[in-house]
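One-letter residues, chain by chain:
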Amino acid sequence: MALGNKALIIFLMVVGISFNQKANSKIILPELLAKQAVANIRFLSQDGKFTYYQKSSGSLLYSSNYKVFEMIKASSGTQYTVIGSSSRKKIIVMQNENFHTFYSLRSREKIYLVDFGGTTLREIGKGANAQLHQDDTWMSYYDYYSKTITFESTANSASRFSIKLNNRINPYFTPQVVMSDQNTIFYSDLGENGSVGLLQYQRTTGKSELVFKAKTPMVRAEICLNNNQLIMSLIGLNSSKEGTSISKISLPITKDISNREIVYTSPINDVGQLICNTSNNIITFIKNYGESDQFITDVVELNLLTKEVKLLSEMRTITSVMNMDGTILAIDKGKYFIVKGNLDFKNIDSLKSLPPAGFGEAIKKIDEELNDE
Amino acid sequence: MKLKTLLLFWQNLFCKIFLLLCLIGSTNKAYSQTQTSPGIIESFERLLEVHNDRYTKNKVAIAANSKPTINLTELKNVKLDPKYVQSLVMHSDERFLKYAQKDECKFLSSLENSLLKSTDPRLDYVLIQYQNKQNQQESTSILKDDFFEQIYKLKCINNKEFSVIFTELNFKKTIEGIKFSIPKNKSECLVIHNEWLDNPYTPYLCKIQQIIKRSPLKKQVEFYREKIPLVQRIYLDNLCNSLSNPELFCSSYLKEDVWSKILNSEMPEYKMSYKCQQMYNKKETLSNLQLRNCGSKLATDKAFCETRGSQDYPSNFPFQNCENLSRSLVKSKLVTNYHDCPGNIDNEGLTNIHRIINHFSPRNIITSPANCAGETNYTLAKLNLGVNFEEGWPLKVCYLSRVDNKEKCETYIPGSRPDEPLSEDRMIARILYQNKGAPSKTNCKIVDKKDYNPLRSEYKSGCFILNSAENCSAIFCEKKVIWDTKEQADIKFIGVPIFDYFPTTYKNERYAFTNLINEVHKTQDRMIRNLTDIKYFLNTHPNGIVHGVGCIEDLIPEQFQRIAINQCRPMPFIIDGHSLKNDETWLVGRIAIDDIHTPRTLTWPNVFNAVSAYQELHPLNTWTLYGIRK
């Protein structure tokens, strides 16, 4: 009986919130909630069939159909980062054993590769900023100390090459890396004066060519691929007046990118964090609705054909947006919210999606009481 | 006496000169443009020439009439010689004339302190006029000291007393009792300036200022420089240079930029000096003039700070512009009398610890690109070794002991420190001496691998510790020891200083940095939960700062992106001030990878997001934001 009342209260609250949502037309994002602590989750597949998660004891585990498998066992405090791609063929696992005892932005983490949804790890090397390319046939990672981007074939570890950066000015500079075909890599680097440049590396020649150079060091560049186009954002740094521009460049690039088509501009410095691999001609990023030195940040979607910008959140303080197997997640005040995705909540045992206003707590309480009963 | 009329005469004379100049100026206009006519400056020069000529003739005449002793009380209608007064008006600085015209006593004290000058600025005589027995006006000269000795018995009696309290013997005590008020707003500033104009001490103070600035007597200059603190010296400079110009006086104090405040000694010089040194690529400390030039550049060229100021001390790049930087530095409390190099330190926690410890217990830190990483390591090593916690400093150099043919390991601190027996260079030298038969006075040099060339004479003998600055930092580095060109393969460097910044287990709680600093440096801390709390803590405790650890992806999301769920790169940071801009509170701080002299502004949502995200991943679910004070 008591449980029935609680369910009624929750139902009324849901109705109330839904009504309010319509009245204010405010976008309320569902919070990512799971039976286990969200902080332990490292990867959730879109169809909910498997989860990679970690324990504070230092293990990385794989769970599927109520079966759990320990993939790596390490010392307590070890932190894992699990990275997928839109190709859904491989998964990268990064392991940092001194996560809480050696705070290093440039730490050389252990990098492993595993088949998508698999459990057998292959150790690749040590580095940072690992990512998958070209239908997951290649992966790359960066070493801050040697300033080298290493590429390795995911099928054949003997097939590898590296690109050395020129950057001598910022020890914390992380290059943007995109592999547009089996022969061509685009990456960013810093010039002698600290201005960011975009370079094109050809495996056949082993040479890099500068295709773009920013006019000032107060701009950073992000690149990604969408529908066989190279997307490049240029965003002002540190309250500079550079603003934001996003352009698309048809591939292949013959000489430089002077003929790029600008698809978005803003006089304000946005946050950026481009996500380009969810659908054709659509990219997602964090837009700044405040000032260049006073951020009000929300997630938007940019249509590369119509140049239309669509607001996807109204939280004002979003700091991160990421693509987890096709689901766009945003983080705000330490909590994850689902911005976009086709997660089928009914079929996902470990995942629940509810509006944020106190619902998580209510559900948890009911779960606890249910367990007690 | 007629000194009152004399002043009136002087005032009139000043008007006359002005009128005369105007007249000359207007007459010039009447001439045709093609004629070579004297301009107003030229006319003034001519006037001075005529005046100097007359004055010299007058002086010669007076000299002929000089008397061995003069008693002013015995003379009738004594006043200053009009041509002498004319000369004072002509040659004295306007800023002191304005003060001198306030009243007779101020005129006399200005003259006494040599602020008023005649044609001959070094004249030790005062020229006076009096009525002789034949009722005729006659002029003569009297020794300056005699004149004031006598005149102060007749009038302006207090001036005599002021002279005494400003003698070298007494002035230190006098100056300590004077309030050098720094204005907070314009109306307050104008009042302060006016008070200085009414203050009878002003000419005595300005005399000292003039001595410091202009005297060729180095000993005297040094005497005053030693006795008067820099803040007051700068205050006196500003006061005496703008005595006739309240706007000028106030402009220095009402400027909001940090650079002006530093140059006025309202803020410590280190907030600017290290940056300026790097900006101008100078190895040595900048002179006052160079610092002033740098200050004016920073105040006028916003973009100048964006890329300069940390060339030899690697850190995150680019920097804040000069305007933002100034706004942050004005509010920043952190003691930063050194330059560190986060880019040469692997563990960002170490950089933060170095900064916090040297805020509460500043030590003399040698700032040089070669030493900066060593100094940071030294701070943590001393913190751990100070409480005999060797686990907290596990860096060891291991070697094969000749005595028992077993491997032995000794604790070392990376870098070179002549005063530290555990420093890397001294430790290796000792091992070579004890095990390899090297001379007892062996010195080891730490050199970059790429610079080492055994074919060059400087590397042919002696001890060298090779590391690669490009590929490694002070700790993650494969080092080699070379002695007399031979590699000492048995000497190995092991260990990485991994430590808890905040406790990660209850077992090792005592040795986490946050507890060690309280034990060793007698600091106190408390958790900070919200923005009001940060502001309250920073406002309440003069030396209090806030430090914490948060995910960098939330602290500066515009530079560091999160690409996977629960990805986090923990970044220690310090918040040491707050300001209000557009009705929003901004926190002033440095994340550990920032240049120490380039604080940034952070918003509370970013700090909150960063700490919250890290808390979720922390083994003890610790909220890692604390206020710390001594």
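A. How the structure looks around the overall build of chain B. Along chain B, the regular secondary structure elements total 25 helices and 16 strands. Sorting the 630 residues of chain B into buried and exposed places 41% on the buried side. Partitioning the contacts of chain B with sequence separation of at least 6, the portion at a separation of at least 24 is 59%.

B. Quick peek at the interface of chain B and chain A. Between chain B and chain A, the residue contacts involve 55 residues of the former and 50 residues of the latter. Sorting the residues of the side of chain B that touches chain A by element identifies helix 17 (304–307), helix 19 (348–360), helix 24 (552–555), strand 13 (570–581) and helix 25 (604–617) of chain B as the ones contributing at least two each. The class makeup of the residues in the side of chain B that touches chain A is 23 nonpolar, 21 polar and eleven charged.

C. Local environment of the sheet that holds strand 3 (residues 50–54) of chain A. Residues and elements named next belong to chain A. Read from one edge of the open sheet, four strands run 2-3-4-5, paired in antiparallel fashion. Unpaired on one side and paired on the other, strand 2 (41–44) and strand 5 (67–72) mark the two borders of the sheet. Along the sheet, successive strands turn relative to each other by an average axial angle of 20 degrees, direction set aside.

D. Helix 15 (residues 270–279) of chain B, seen in detail. Residues and elements named next belong to chain B. Where burial is concerned, most of helix 15 is hidden: seven out of the ten residues are buried. Those residues of helix 15 that sit buried are Lys271, Met272, Tyr274, Lys275, Cys276, Gln277 and Met279. Looking at the packing, one finds that the buried side of helix 15 touches helix 14 (258–263), helix 16 (288–300) and helix 18 (322–331). In the stretch just after helix 15, Asn281 is the one whose phi turns positive, near 55 degrees.

E. Up close: the confidence of the model for chain B. Overall, the prediction assigns chain B a mean pLDDT of 84, with 88% of residues at 70 or greater. Residue range residues 1–41 of chain B is modelled with pLDDT below 50. Its contacts to residues more than four positions away, or to other chains, number 36 contacts.

F. Structural context of the pairing of strand 13 of chain B. Residue and element names in this part refer to chain B. The element strand 13 is extensively covered by neighbouring structure, given that nine of its twelve residues are classed as buried. In terms of strand pairing, strand 12 (residues 545–551) meets strand 13 through six bridges, oriented antiparallel. Paired with Gly548 across the two strands is Phe573, which belongs to strand 13. Linkage of strand 13 to strand 14 (residues 584–591), two consecutive antiparallel strands, is achieved through a turn of two residues, within which Asn582 is found at a positive phi near 50 degrees.

G. Geometry of the nonpolar core. Within the largest apolar cluster, 182 residues are counted, with the highest numbers of intra-cluster contacts made by Ile92 and Leu329 of chain A together with Ile428 of chain B. Each residue touching Ile92 of chain A, except ones within four places of it in the same chain, is listed here: Ile83, Ile111, Leu113, Ala130, Leu132 and Met139 of chain A. Membership of the second largest hydrophobic core comes to 37 residues, among which are Ala100, Leu111, Cys156 and Leu205 of chain B.

H. Main features of unusual backbone geometry. Note the cis peptide between Leu251 of chain A and Pro252 of chain A, where omega equals 0 degrees. Counting through the fold element by element, Pro252 of chain A comes out in the loop between strand 19 (244–250) and strand 20 (261–266). The residue after Phe317 of chain B, namely Pro318 of chain B, is reached through a cis peptide bond having omega -5 degrees. Take Pro318 of chain B: it is sitting in the loop between helix 17 and helix 18.

I. Summary view of the environment of Gly349 of chain B. Here Gly349 of chain B is to be found in helix 19. Residue classification places Gly349 of chain B among the buried positions, given that 27 C-beta atoms sit within 10 Å. Excluding anything up to four places from it in sequence, Gly349 of chain B contacts Tyr103 of chain A together with Tyr501 and Pro572 of chain B.

J. Broad picture of the domain arrangement of chain B. For chain B, the domain assignment lists domain 1 (3–165), domain 2 (171–254), domain 3 (258–331), domain 4 (367–494) and domain 5 (521–629). Look at where the C-alpha atoms of domain 4 of chain B and domain 5 of chain B centre, and you get two points 36 Å apart.

K. Layout of the packing of helix 5 (residues 104–112) of chain B against helix 7 (residues 157–165) of chain B. Residues and elements named next belong to chain B. Between helix 5 and helix 7, whose axes approach to 10 Å, the crossing angle comes to 35 degrees. In this structure, helix 5 meets helix 7 at a crossing whose hand is right-handed. Only Asn159, Phe162 and Ser163 of helix 7 make contact with helix 5, whose side of the interface consists of Cys105, Leu108, Ser109 and Glu112. Residue composition of the contact of helix 5 with helix 7, by class: three nonpolar, three polar and one charged.

L. Highlighting helix 19 of chain B. Residue and element names in this part refer to chain B. A rise of 1.5 Å per residue sets the reference length of helix 19, with its 13 residues, at 18 Å; its end C-alpha atoms lie 19 Å apart and thus fit the reference within 8%. With twelve of its 13 residues buried, helix 19 lies for the most part within the structure. Turning to helix 19, its buried residues number three or more, namely Glu348, Gly349, Leu350, Thr351, Asn352, Ile353, His354, Arg355, Ile356, Ile357, Asn358 and His359. On its buried face, helix 19 sits against helix 20 (372–385), helix 22 (513–521), strand 12, strand 13 and strand 16 (625–629).

M. Broad picture of the sheet that holds strand 3 (residues 137–143) of chain B. Residues and elements named next belong to chain B. Taken together, three strands build an open sheet; the order of strands is 1-2-3 and the sheet is antiparallel. Of all the strands in the sheet, the pair left with one neighbour each is strand 1 (76–80) and strand 3. Adjacent strand axes in the sheet meet at a mean angle of 30 degrees when their direction is disregarded. Across three bridges, the pairing between strand 1 and strand 2 (residues 125–131) is antiparallel. Directly across from Lys79, in strand 2, lies its bridge partner Gln129. The strands touched by helix 6 (residues 144–154) within the sheet are strand 2 and strand 3, with strand 3 carrying the most contacts at an inclination of about 105 degrees.

Reading guide: rules and limits
Residues numbered from 1 in each chain as written. Chains lettered and ligands numbered in written order. Predicted model: local features only at pLDDT ≥ 70, side-chain atom pairs only at ≥ 80, totals over all residues. Helix = DSSP H or I, 4+ residues; strand = E, 2+ residues; numbered from the N terminus. Buried ≥ 20, exposed ≤ 12 C-beta atoms within 10 Å, placed from the backbone. Contact = placed C-beta atoms within 7 Å. Nonpolar A, V, L, I, M, F, W, Y, C, P; charged D, E, K, R; others polar. Pairing = 2+ DSSP bridges. Axes fitted to C-alpha atoms, helices over the stretch in contact; angles between N-to-C directions. pLDDT = per-residue confidence, 0-100. Core = buried A, V, L, I, M, F, W, Y, C linked by C-beta atoms within 7 Å. Domains from an automatic or database assignment. Left-handed = near helix turned anticlockwise from the far one by under 90°. Expected span 1.5 Å × (residues − 1).

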